[in-house]
Amino acid sequence: MTVTKKFVIAAIALGGLVMTGCNRSAEVSSAVIPVEEQETVYAVNTYVTGSETLDEYLEFGGDVGAVSSVDILPDTSGKLTGIRVSLGDTVVKDQLLAYVDASRPGMNYEASPVRAPVAGTITSFPVAAGSMVSPSVSIGKISSTRDLEITISVAERFVSRIKKGQKAVLMFDAYPEETFSANVTEVNPVLDSTSRSMSVKLQLDPRDDRIKIGMYSRVKLITDTKKDVVAVPRSAVVTRMDQTFVFLVDSATQTVTQVPVTTGISVDDKVEIVSGLAAGNEVVISGQTLLDNGSRVNVVSRQGVAE
């Protein structure tokens, strides 16, 4: 056998040994048991339910005005002179307010006094001395600033939900951190044929001297009150495949269960749960996007009525 043939045979044998070694390595690798996958734990925020009161309401805007307001009318036509009062002054009935000079060129008359028709506060007096006035045009208003009312306009579709005596919550820009209570005192029996709306008046209860005539109020008119209901934040309610449910937390196992619920009224961020939950249940309100039945959770924060 030549040297060349011996070299070829040796190379083939060596290659066989290498392949055998590779196969054995592959077998050993395939025999290694994979590391067991760890169970995913989801971080969530929860809400513990309790017995709550929900106030369903309609929201309007209204202006503050005086309950009683009377126009100031002069007795004769002429030039206004001798004004004795200014805006904001408190007057008594028959108090002298100004004079009206009815004199004309070549004709001199004694000035006619203008007196207060009622007691109250001067809330409007736009005319200036020298202005021409007449008995048919008001030169100002006297109002009672102790008793104020808020007038709102209610659209026709809400008329059936308004009645005298209803409670309301008022908010004013001047006092952004405070709320004020009021009652419906007057419901106009006739709708405005142009705007198709009904005028409704409310009065502060109790009266508050900080509220002034001319202020603008945001009015939450309470139309229905439900007591002792189970309610959850709106974010707790999930809808998938036309099913509405919440994720109920089992504190013992730190897992969740998908529970179907029936919802009722919604007020602000709260939703009434008619069936499916009871007071004291803990539901997920944040972090439920990837949850399913039996998912393990870690409660990061807990809110609610009962904890």
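Residues numbered from 1 in each chain as written. Predicted model: local features only at pLDDT ≥ 70, side-chain atom pairs only at ≥ 80, totals over all residues. Heavy atoms only, no water.

1. What about the sheet that holds strand β10 (residues 140–143)?
Argument step 1. The strand order across the open sheet formed by four strands is β3-β10-β8-β5, and the pairing between neighbours is antiparallel. The strands lining the two open edges of the sheet, one partner per strand, are β3 (69–72) and β5 (90–91).
Argument step 2. Relative to β10, β3 runs antiparallel, the two sharing four bridges. Of the residues in β10, the one forming a bridge with Asp71 is Lys141. (Pairing = 2+ DSSP bridges. Helix = DSSP H or I, 4+ residues; strand = E, 2+ residues; numbered from the N terminus.)

2. Digging into the pattern of salt bridges
Argument step 1. Evaluated as defined, the whole model comprises 11 salt bridges.
Argument step 2. Of the charged contacts in the structure, one is a salt bridge between Arg207 and Asp147, with a shortest N-O distance of 3.6 Å. Here Arg207 is found in the loop between β14 (197–204) and β15 (216–233), whereas its partner Asp147 is found in the loop between β10 and β11 (148–155), with 60 residues between them in sequence.
Argument step 3. Accessibility expressed as a relative area gives 43% for Arg207, which makes it partly exposed.
Argument step 4. For Asp147, a relative accessible area of 37% translates into the label partly exposed.
Argument step 5. One salt bridge connects Arg302 with Glu282, and the closest N-O pair in it is separated by 2.8 Å. Separated by 20 residues along the polypeptide, Arg302 in strand β22 (residues 296–304) and Glu282 in strand β21 (residues 282–286) bring together distant segments of the chain.
Argument step 6. Assessed through its relative accessible area of 39%, Arg302 is described here as partly exposed.
Argument step 7. For Glu282, a relative accessible area of 9% corresponds to the buried category. (Salt bridge = Lys/Arg side-chain N within 4 Å of Asp/Glu carboxyl O. Buried < 20%, exposed > 50% of the residue type's maximum accessible area, 1.4 Å probe, protein only.)

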